[in-house]
Amino acid sequence: MLQRRVLKVVCPHDCPDTCSMAVTVEGGRATSLGGDPDDPFTQGFLCAKVNHYLERVYAPDRVLHPMKRVGKKGEGRFERVSWEHALSEIAARLKDVAREHGPQSILPYSYAGNMGVLSYGSLDRRFFHAIGASKLDRTICASAGAAGWKATIGRSIGLDPEQLGRARLIVAWGANIVSSNVHLWPFVERARRAGARLVVIDPYRSKTAEKADLHLAPWPGTDAALALGMMHVIFRDSLADRDYLEQHTTGHAELEARAREWDPARTERETGVAAAAIEAFAREYATTRPSAIRLNYGLNRHAGGGMAVRTVACLPAVTGAWRDVGGGALLSTSGTFPVRTDALERPDLSPPGTRTLNMSLLGRLLNDPLLDPPVKALFVYNSNPAAVAPEQGQVLQGLAREDLFVVVHDLFQTDTADYADYLLPATTTLEHDDLHKAYGHLYLSWSKAAIAPQGEAVSNTELFRRLARATGLDDPCFFESDEDLARQALDWDDPRLAGLDFERLQSLGRVRLSVPAAWAPFAEGGFPTPSGKCELLAPSLAASGLDPLAGYVPPRESPVTNPELAQRYPLAFISPPAHHFLNSTFSAQPTFVRRESEPFLTIHPDDAAARGIRDGEPIRVWNDRGAFEAKARVSDAARRGLVVGLSIWWPKLCPGGRNANAVTSQELTDMGGGPSFYDALVEIGPA
Ligand SMILES: Nc1nc2c(c(=O)[nH]1)N[C@H]1C(S)=C(S)[C@@H](COP(=O)(O)OP(=O)(O)OC[C@H]3O[C@@H](n4cnc5c(=O)[nH]c(N)nc54)[C@H](O)[C@@H]3O)O[C@H]1N2
Ligand SMILES: Nc1nc2c(c(=O)[nH]1)N[C@H]1C(S)=C(S)[C@@H](COP(=O)(O)OP(=O)(O)OC[C@H]3O[C@@H](n4cnc5c(=O)[nH]c(N)nc54)[C@H](O)[C@@H]3O)O[C@H]1N2
Ligand code: SF4
Ligand SMILES: [Mo]
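Residues numbered from 1 in each chain as written. Chains lettered and ligands numbered in written order. Predicted model: local features only at pLDDT ≥ 70, side-chain atom pairs only at ≥ 80, totals over all residues. Heavy atoms only, no water.

1. Section: the pattern of salt bridges
Next, step 1: By the definition in use, this model includes 47 salt bridges.
Next, step 2: Residues Glu256 and Arg242 are paired through a salt bridge, measuring 3.1 Å at the closest nitrogen-oxygen approach. Placement of Glu256 in helix α11 (residues 252–260) and of Arg242 in helix α10 (residues 242–248) is noted, with a sequence separation of 14 residues between them.
Next, step 3: We classify Glu256 as buried; its relative accessible area is 16%.
Next, step 4: Looking at Arg242, the relative accessible area reads 37%, which means it is partly exposed. (Salt bridge = Lys/Arg side-chain N within 4 Å of Asp/Glu carboxyl O. Helix = DSSP H or I, 4+ residues; strand = E, 2+ residues; numbered from the N terminus. Buried < 20%, exposed > 50% of the residue type's maximum accessible area, 1.4 Å probe, protein only.)

See the structure below:
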């Protein structure tokens, strides 16, 4: 009989839930996988995507061996080579490039395809630092919101999601919980069973908005105006928590003065939300306790995305919602984990003065004739920029450059991989060890390999050990084991790890950070900001030329702010996550392609009628940056003037070979240097 074992592993995907999974292994093969029933956050179930994870592990189209390009760039034709051959060629090419153009002409490009602490950033960073490569500013997702939150609250810490069941008002703000944070949903339901109301603030009627008690649909990018309008009502009607404001905030008088300018009529004009609805919601928010705001990153992908998160993050201080367990706000819990990033990444190995390039500008960087030195080698792992980066036309044009040496490490032959000179095989979470923190809960875990690597696949850390050896690096820091790295990754003396060391974490697998069971992090202030208060007024922002007072930065592309552009491109376009995709991961897995059916664009019946577009018809979406094709879905789930293309499809699986990012922009956000994916005007017509 085959030996049968059930092991616990961790889902590595870029998702707030960081699930604990139970995998059954028989004779070295994983035969079933599900949510860990013993884990209080995972609660025994997985999402619609990772339920089918074994299809991914054993997919017939998985990349299992090192491959070398034989066709033209972009054709995606490869032949199998040995690891030895691939490594020595890559090492030689990187050396040539460094000799000819300087080491900064090498650019690593990675994001969160694997969120494991070691897989996300450890030996890879050490390697690129040591060879003097350009550094990468990893802005593509959350940097605007993170900066806005940090300016106000001080650190990525918020209400404990496990306490959400106690809330009596839950506001999902730019957060599609049902699709993107599904393990929070049972806590929402628990609260609702006890009488809580769910309010969703989203320009689109998402799956979560469909289930809400109230759905407010502001014009994209106007959330800060909505928050100021709420504050106007709250201050005007004496519903603010004066005591909390006095004791635990900076600048409340200034913020009150600013909110005075945002009466409901003006707020309605800016946001498109009816004045009466703003009045009623503001009063409900200020008078219901505990009240919890769950922000996600939907509102941070706009010109004013940093300020949007910052101003919304001021609300719980205005009403004193932080006082209650289950009250306050949550963007990310990641700052609760005491990670020693510098120990892992060793920035000290990078030569002083090394430049940093912003990943959200990849298209421009690859095509900029003035960039000195130019990017001559691009090393991609944990990311699929050909699908996910803005202004796809430029990105693909850059990747197609004959003089650009491209290496891609991935599990599948993505659009980016089609441009690779070398494509290297990566492992799944079942095949390597890693340490996991989370950004949507407070559990720390150690995930141990459950099966052997498939084919010749290697983990990210093993890849960079091999590459360091092939390059002739000899310091032991490039060859440390995953366990050694995990030991260095955390500050074990931090009180949140009380009683824990690596060996104990290994044996327990998963532990909750040592914070009180009923945790209200800022009930008595103590914000991790320079002043120790919630900084409604943050002098630190003035130093970087930003308004130090919470306020409103309008969208860049909207009929109000850019009427000239709106004449040509009257429709606002957003491309939020599809239910069965995770960014571009899973977007080629047959089960999920079937479930999402085809690239489609949701358009309001009035906007469709005005263009003679019927439901189900192929259409073209375009602006000055590019165009893509989709099928029209005529529905009032998109408010008038807005079109929605759930994402992220693989471009090569789309008609015309382009996805939503053909029309998105490389202009950056007000804070954090983030991309403004959802700040885009387009026009549409029959294909
Ligand atoms: N199924 C699934 N889960 C995912 C992902 C995925 O692709 N698929 N992606 C993962 C990643 S990388 C991240 S960063 C997280 C979070 O990913 P997010 O991109 O934050 O995704 P959502 O939580 O879906 O929230 C986005 C919601 O914000 C709305 N929105 C867009 N513009 C605005 C605006 O201006 N204002 C407001 N109020 N709302 C707006 C969108 O319509 C959408 O419903 O989720 C992760 N989870
Ligand atoms: N239009 C539009 N564009 C967007 C967004 C949007 O909402 N709309 N969302 C943005 C957001 S929030 C994000 S976070 C980015 C995401 O952008 P990316 O981080 O690039 O995410 P994915 O597209 O999922 O690509 C991750 C890749 O890593 C691979 N991978 C997984 N595990 C491993 C591993 O262990 N090792 C290696 N080497 N590779 C691995 C996967 O197979 C996959 O191809 O996209 C952004 N782009
Ligand atoms: S993608 Fe998110 S919800 Fe799905 S299994 Fe992974 S962590 Fe859990
Ligand atoms: Mo993201």
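2. Section: the domain arrangement of the protein
Next, step 1: According to the domain assignment, the protein contains domain 1 (67–141 + 337–512), domain 2 (144–331 + 521–543) and domain 3 (563–686).
Next, step 2: The distance between the C-alpha centroids of domain 1 and domain 3 comes to 30 Å.
Next, step 3: Ranking the residues of domain 1 by area buried against domain 3 places Glu391, Gln392 and Asp415 at the top, with a combined share of 29%.
Next, step 4: For the pair domain 1 and domain 3, the number of links is two salt bridges.
Next, step 5: A salt bridge links Glu667 to Arg364, with the shortest nitrogen-to-oxygen separation between them at 3.0 Å.
Next, step 6: Counting across the interface, domain 1 meets domain 3 through 18 residue pairs in polar contact (both at pLDDT 80 or more).
Next, step 7: Elements supplying a minimum of two residues to the side of domain 1 that touches domain 3: α16 (362–367), α17 (385–388) and α18 (392–399).
Next, step 8: At four residues, α18 tops the list of elements feeding residues into the side of domain 1 that touches domain 3.
Next, step 9: The residue inventory of the side of domain 1 that touches domain 3, partitioned by class, reads ten nonpolar, ten polar and four charged. (Domains from an automatic or database assignment. Buried area = accessible area lost by both parts, 1.4 Å probe. Polar contact = N/O pair within 3.5 Å; in protein donor to acceptor, adjacent residues only side chain to side chain. Nonpolar A, V, L, I, M, F, W, Y, C, P; charged D, E, K, R; others polar.)

3. Regarding the packing of helix α9 (residues 223–236) against helix α14 (residues 305–319)
Next, step 1: Contact geometry of α9 with α14 gives a least axis separation of 8 Å together with a crossing angle of 20°. For the element pair α9 / α14, the angle class is roughly parallel. Considering the relative orientation of α9 and α14, their crossing is left-handed. Contact residues: α9 offers Asp223, Ala224, Ala227, Leu228, Met230, Met231, Ile234 and Phe235, while α14 offers Met307, Ala308, Thr311, Val312, Cys314, Leu315, Val318 and Thr319.
Next, step 2: In terms of residue class, the contact of α9 with α14 is built from 13 nonpolar, two polar and one charged. (Axes fitted to C-alpha atoms, helices over the stretch in contact; angles between N-to-C directions. Parallel < 35°, antiparallel > 145°, perpendicular 65-115°, else oblique. Left-handed = near helix turned anticlockwise from the far one by under 90°. Contact = heavy atoms within 4.5 Å.)

4. Describing the site of ligand 1
Next, step 1: By nearness alone, 34 residues border ligand 1, and Ser180, Asp202, Asp223, Arg301 and Phe581 come closest of all.
Next, step 2: One of the side-chain nitrogen or oxygen atoms of Asn296 is found 3.1 Å away from an oxygen atom of ligand 1.
Next, step 3: At 2.5 Å, a backbone N or O of Phe581 approaches a nitrogen atom of ligand 1.
Next, step 4: When ligand 1 sits alone it has 890 Å² of accessible area, and the protein chains cover 98% of it.
Next, step 5: Residues belonging to the shell around ligand 1 are distributed by class as follows: 18 nonpolar, eleven polar and five charged.
Next, step 6: Two domains each provide a minimum of three residues to the shell around ligand 1, namely domain 2 (144–331 + 521–543) and domain 3 (563–686). (Near = heavy atom within 4 Å. Areas by Shrake-Rupley, 256 points an atom, 1.4 Å probe, with all protein chains shown as cover.)

5. Brief notes about helix α4 (residues 123–130)
Next, step 1: Within α4, seven of the eight residues are buried, which leaves the element mostly enclosed by the surrounding structure.
Next, step 2: When α4 is considered as a whole, its buried residues turn out to be Leu123, Asp124, Arg125, Arg126, Phe127, Phe128 and His129.

6. Some thoughts on the site of ligand 2
Next, step 1: Near ligand 2 there are 30 residues, and of these Ser383, Asp410, Asn460, Ser584 and Thr585 occur at the shortest range.
Next, step 2: Taking Val388, its main chain carries an N or O atom lying 2.9 Å from a nitrogen atom of ligand 2.
Next, step 3: Between ligand 2 and Leu582, the relevant distance is 3.4 Å, taken from an oxygen atom to a main-chain nitrogen or oxygen of the residue.
Next, step 4: Here ligand 2 loses 96% of its free accessible area of 910 Å² to cover by the protein chains.
Next, step 5: In the shell around ligand 2, the residues fall into twelve nonpolar, 14 polar and four charged.

7. What about the nonpolar core?
Next, step 1: Formed by 182 residues in total, the largest nonpolar core has its most connected members in Trp173, Leu315 and Leu430.
Next, step 2: Apart from residues no more than four positions distant in its own chain, Leu315 is found in contact with Trp173, Ala227, Met230, Met231, Ile234, Tyr285 and Ile293.
Next, step 3: Among the nonpolar cores identified, the runner-up in size contains 22 residues, and Ala167, Ile170, Val188 and Val200 belong to it. (Core = buried A, V, L, I, M, F, W, Y, C linked by side-chain atoms within 4.5 Å.)

8. Observations concerning the sheet that holds strand β3 (residues 29–35)
Next, step 1: Strand order across the open sheet formed by three strands is β1-β2-β3, with antiparallel pairing between neighbours. The sheet is open, and its two edges are formed by β1 (4–10) and β3, each paired on a single side. Put simply, the sheet's adjacent strands are angled 25° from each other on average, direction ignored.
Next, step 2: Here strand β2 (residues 20–26) runs beside β3; their pairing, made up of six bridges, is antiparallel. Residue pairing in the sheet places Met21 in a bridge with Gly35 of β3. (Pairing = 2+ DSSP bridges.)

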